[in-house]
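For reference, the chains in residue letters:
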Amino acid sequence: MELIFFYIFAIVALASAIAVISIRNPVHSAIFLMVCFLQVAALFVLLRSPFLAAVQIFVYVGAVMVLFLFAVLILDLGRERFGEYLHHQSPIAIIVVVGLIFVIGLGLARGKLDAPLGKYTEAELVKNIEVTGELLYTKYVFPFEVISLLLLVAMVGAIVLVMKERK
Amino acid sequence: MDVNIKLFLPEIFITLFAFVIIGIDLVMPKGSERKHLARLGIIGSLAAINVLIINSGVTGTTLFGLFIQDGVSIFFKVLFLLTGIVILYMAMLYEEKVKNFKGEFYALILFAVLAMMFMASSNDFISLYVSLEFLAVTLYILACYTKEESASVEAGLKYLITGALASGFLLYGITYLYGATGSTEFTSISRILTGKEMSGFLAIGLILVVTGLTFKIASIPFHVWAPDVYQGAPTPVTALLAAGSKAAGFVILMRVMFTALGSIKPQWVLFISVISASTLLLGNLAAMPQKNIKRMLAYAGIGSAGYLLMGIAAGSVLGSGSVMFYLLAYLFAISGTFLAIVIFYNSEGSDSIDAYAGLSRRSPLLAATLFIGLLSLAGVPPLGGFIAKLYLIAAVVKEGLMWLAVVGVLMAIAAMYYFLLVIKRVYLLPPKVNLPIKIGTVDTALLYSINIATLILGIYPGPFTDWVMEIAKVLFRGN
Amino acid sequence: MLLSYLPVIIMFGFVLFLASAVLFVNKVVGPKNPYKEKLSPWECGMEPIGDADTGHFRVHFFVIAILFIVFDVETLFLFPWAVVLKKIGLFAFVEMFIFIFILAIGLVYAWAKGALEWV
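Residues numbered from 1 in each chain as written. Chains lettered and ligands numbered in written order. Predicted model: local features only at pLDDT ≥ 70, side-chain atom pairs only at ≥ 80, totals over all residues.

Asker: Explanation requested: the overall build of chain A in the structure shown.
Answerer: When its secondary structure is counted, chain A shows seven helices and zero strands. Reading chain A from its N end, one meets helices and strands in the order α-α-α-α-α-α-α. Within chain A, the proportion of its 167 residues that are buried is 25%. Looking at chain A alone, contacts between residues at least 24 apart form 52% of all its contacts between residues at least 6 apart. (Helix = DSSP H or I, 4+ residues; strand = E, 2+ residues; numbered from the N terminus. Buried ≥ 20, exposed ≤ 12 C-beta atoms within 10 Å, placed from the backbone. Contact = placed C-beta atoms within 7 Å.)

Asker: It is not clear to me how the overall build of chain B should be interpreted in this structure. Could you clarify?
Answerer: Helices and strands together make up the secondary structure of chain B, namely 19 helices and two strands. With respect to the principal axes defined by its C-alpha atoms, chain B has extents near 70 × 55 × 40 Å. Long-range pairs, those at least 24 residues apart, make up 81% of the contacts in chain B with a sequence separation of at least 6.

Asker: Is there a simple way to think about the domain arrangement of chain A in this case?
Answerer: Residue and element names in this part refer to chain A. One can read the domain layout of chain A as domain 1 (1-78) and domain 2 (122-167). Here the C-alpha centroids of domain 1 and domain 2 sit 21 Å apart. At the interface, four residues of domain 1 touch four residues of domain 2. Residues of the side of domain 1 that touches domain 2, tallied by class, amount to two nonpolar, one polar and one charged. (Domains from an automatic or database assignment. Nonpolar A, V, L, I, M, F, W, Y, C, P; charged D, E, K, R; others polar.)

Asker: Hey, could you run me through the interface of chain A and chain B in this one?
Answerer: Listed per partner, the contact involves 30 residues of chain A and 32 residues of chain B. Contributing elements (two or more residues each) for the side of chain A that touches chain B: α4 (90-110) and α7 (141-162) of chain A. The leading source of residues in the side of chain A that touches chain B is α7 of chain A, at 13 residues. Across the side of chain A that touches chain B, the residue classes tally to 18 nonpolar, four polar and eight charged.

Asker: In this structure, what is going on with the interface of chain C and chain A? I would like to understand it.
Answerer: For an interface, size is often stated in terms of accessible area lost upon the parts coming together. Between chain C and chain A, the contact holds 41 residues from the first and 45 residues from the second. Put simply, the parts of the chain that give the side of chain C that touches chain A at least two residues each are α3 (60-88) and α4 (90-112) of chain C. For the side of chain C that touches chain A, the element with the most residues is α3 of chain C, which contributes 19 residues. In terms of residue class, the side of chain C that touches chain A is made up of 31 nonpolar, four polar and six charged.

Asker: Is there a simple way to explain α4 of chain A in this structure?
Answerer: An α-helical segment advances 3.6 residues per turn. Residues three or four places apart therefore align on the same side. With 21 residues, α4 of chain A should reach 30 Å at 1.5 Å per residue; the first-to-last C-alpha distance of 30 Å fits that figure. With one of its 21 residues buried, α4 of chain A lies for the most part at the surface. (Expected span 1.5 Å × (residues − 1).)

Asker: Can you walk me through the packing of α7 of chain A against α4 of chain C in this structure?
Answerer: In a pair of packed helices, the angle between the axes and the distance between the axes together describe the arrangement. At a closest axis distance of 9 Å, the pairing of α7 of chain A and α4 of chain C adopts a crossing angle of 5°. With respect to their mutual orientation, α7 of chain A and α4 of chain C come out roughly parallel. Note on element contacts: α4 of chain C touches α7 of chain A through E95, I98, F99, I102, L103, I105, G106, Y109 and A110 of chain C, opposite V141, F144, E145, S148, L149, L151, L152, M155, V156 and I159 of chain A. The residue makeup of the contact of α7 of chain A with α4 of chain C, split by class, is 15 nonpolar, two polar and two charged. (Axes fitted to C-alpha atoms, helices over the stretch in contact; angles between N-to-C directions. Parallel < 35°, antiparallel > 145°, perpendicular 65-115°, else oblique.)

Asker: How should I be thinking about α7 of chain A in this particular structure?
Answerer: In a regular helix each residue adds 1.5 Å, so 22 residues correspond to 32 Å; α7 of chain A covers 32 Å between its end C-alpha atoms and thus fits that length. The buried count for α7 of chain A comes to 20 of 22 residues, which makes it a mostly enclosed element.

Asker: What should I look at first to understand the nonpolar core in this one?
Answerer: In a soluble, globular protein the nonpolar side chains are often hidden away together inside. Membership of the largest hydrophobic core comes to 237 residues, with the highest contact counts inside it found for M90, I109, L110, A112 and M119 of chain B. Setting aside anything within four residues of it in sequence, one finds M119 of chain B in contact with L128, S131, L132, L135, A248, V251 and I252 of chain B. (Core = buried A, V, L, I, M, F, W, Y, C linked by C-beta atoms within 7 Å.)

Asker: Would you mind going over unusual backbone geometry with me for this structure?
Answerer: Across the chain, the bulk of peptide bonds are trans and the bulk of non-glycine residues have phi less than zero. At the junction of I220 of chain B and P221 of chain B, the peptide bond is cis and its omega measures out at 5° in the coordinates. Secondary-structure assignment places P221 of chain B in the loop between α8 (200-217) and α9 (225-232). Looking along the chain, the bond that leaves P381 of chain B and enters P382 of chain B is cis, with omega of 5°. By secondary structure assignment, the location of P382 of chain B is in the loop between α15 (364-378) and α16 (384-398). Despite not being glycine, R48 of chain A shows a phi value in the positive range, around 60°.

Asker: Where do I start with the environment of L404 of chain B in this structure?
Answerer: Residue and element names in this part refer to chain B. Relative to the assigned elements, L404 resides in helix α17 (residues 402-427). Separated by 94 residues in the primary sequence, L404 and M310 have C-alpha atoms spaced 7.6 Å apart. Setting aside residues up to four positions removed in sequence, L404 forms contacts with S273, S276, A277, M310, A313 and V396.

Asker: I would appreciate a short explanation of the confidence of the model for chain A in the present structure.
Answerer: Predicted coordinates in regions of low pLDDT should not be interpreted in detail. Here chain A averages 84 in pLDDT, and 87% of its residues register 70 or above. Mean pLDDT values for the elements of chain A range from 79 in helix α5 (residues 122-125) of chain A up to 94 in α7 of chain A. (pLDDT = per-residue confidence, 0-100.)

This is the structure:
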């Protein structure tokens, strides 16, 4: 039963991801991106981490999409079309992608996971947010603080690159 | 809680200085000169180097094993801070070209140095990825800082798009490695992998992680951004990309390949060797027809990444020690060359190689700096770059990779050809205008000391090579 | 555990059904007699000028959006922190203090540079 849902979400996610890059109208591809993100959120629920699912919807479906739509609307899309900038690269791209899929598929077919699958039991994972919080604020404190610096730099960067300095 | 503040005190220093620079910038009168902020940044970097040297005996892991301070990280942090000092000085000379937000330019350079220091201390894939993204975001902003010029914006955009793709590869690879080993920490991955067979998951993870990291070091297959970005970005940022970002890429490549994946070395040697050889060929051959000096140095930088990868392919103490020595020699050669390029650009307003004709008659010091810097990059004795290439080639020969050594030697000759083309213009062709180029006293002192450093590394490399070989042993302690 | 998400999936299915049903029924049953004025977008009773997709949007929207994302992410980190604060104690408090302090510098910076003004 769970597997059926997994396949539904995964297939819809893949299909919408392909739609994102193949549709010419950028607003439509942004909407498809939202569909893709929602499916990924559903996959997180299947993986017993509802907190990540909430993060996915909170950040990606909410905030990042706002940003995308603004970026898309700021661009002068009435006349610009993306296709004109691709200098016959698609055959090469297809070869590379097919090659990559082949290599990964081969590896997956021959490989087996010998690492233990998750040390938390179902009962512990009900308190998903506590598990996440405890790890994030003890073991992963270093990346956590680096993220604050990263966000600061992103903020400074947005202002520096977009605004004009007031005289 | 596992916090030993002594181990990351230099990082705290740099962070505070960057904050202070942003803060002072806010209260300074608008549109005024901001050179004092760069001086402040240089003082901060010197203070951090001082702290590093005082505490160099204190090593170990902290912050729950995610942060490591050992000989390698101390070496690279000093290297990054020295790079930062030179870049800040270069940015000071370049300030007139930055129209808006001058103060933030210095702060962002300091943040980039900070990110590289975090990378040098990463002992876990999570901290590696986060600090790598921190560096990437900072460099995306810096690359298109002179947004009035379309070349700079193009550089930033190309860097961003390839960077995002590469970081996707890296992250995807990390998930496979995590799936195969059940850990993200380098030392415990190494412990888990000891005596294990190569599995499919491991192979995919390894290929994807290495592919993702080739973006930072500008080697095949993620080298395409380098020429456009080097040419379009503001020159101090180009120097930062060339000297700093590449070294940061190699420190994490060394930690991943030697510390984490060292026990499956026989499986990845061929892979890295092929990348190394193809990068060597592409970089050095494509550098020949270039007309713009920054673009030529971009291809030469790709070639250098190929040489450095030889050290990774060797996978031994000798190999990684040579990588560190090469990066040290490379730092001095690159900073001298780029300093000369900035001073020349400020006077002439051109980066084209033809404009350098007759430079020796207009400014003997600039000409000599280019001479020493470029020949060190080419690997001509008795300069630092020669010893570095010699050690790298020796390292691969010792591991039985004769064919790679042959490619390395042949490409060193090719490199000599295109660098000598520049030297020929500088020394043998007559100048178009015969005005001398003015160089300030501090500039002169800095150029002299950089040139002397390159010469010392070439003539008397003994203590330095012993030092890096001693440091490099740390990487292999896990196995 | 997953069973608790059953209402979500039922709701999702219902929404999907309702939305497509409304569109479909509308298409089949609704009367149609379009003419030019009726099809043009309503713009305060004025004649519309130009297209909506030609990019006459202020770039300032973008700065606001970026600032929104940054503080959105910050809020996200506060949720698990609030849950485990008592358990971890002072350490968690101090690290979140540093985190928010660093982002507060960003806020002060954005404020001083006029990124929050709408003129």
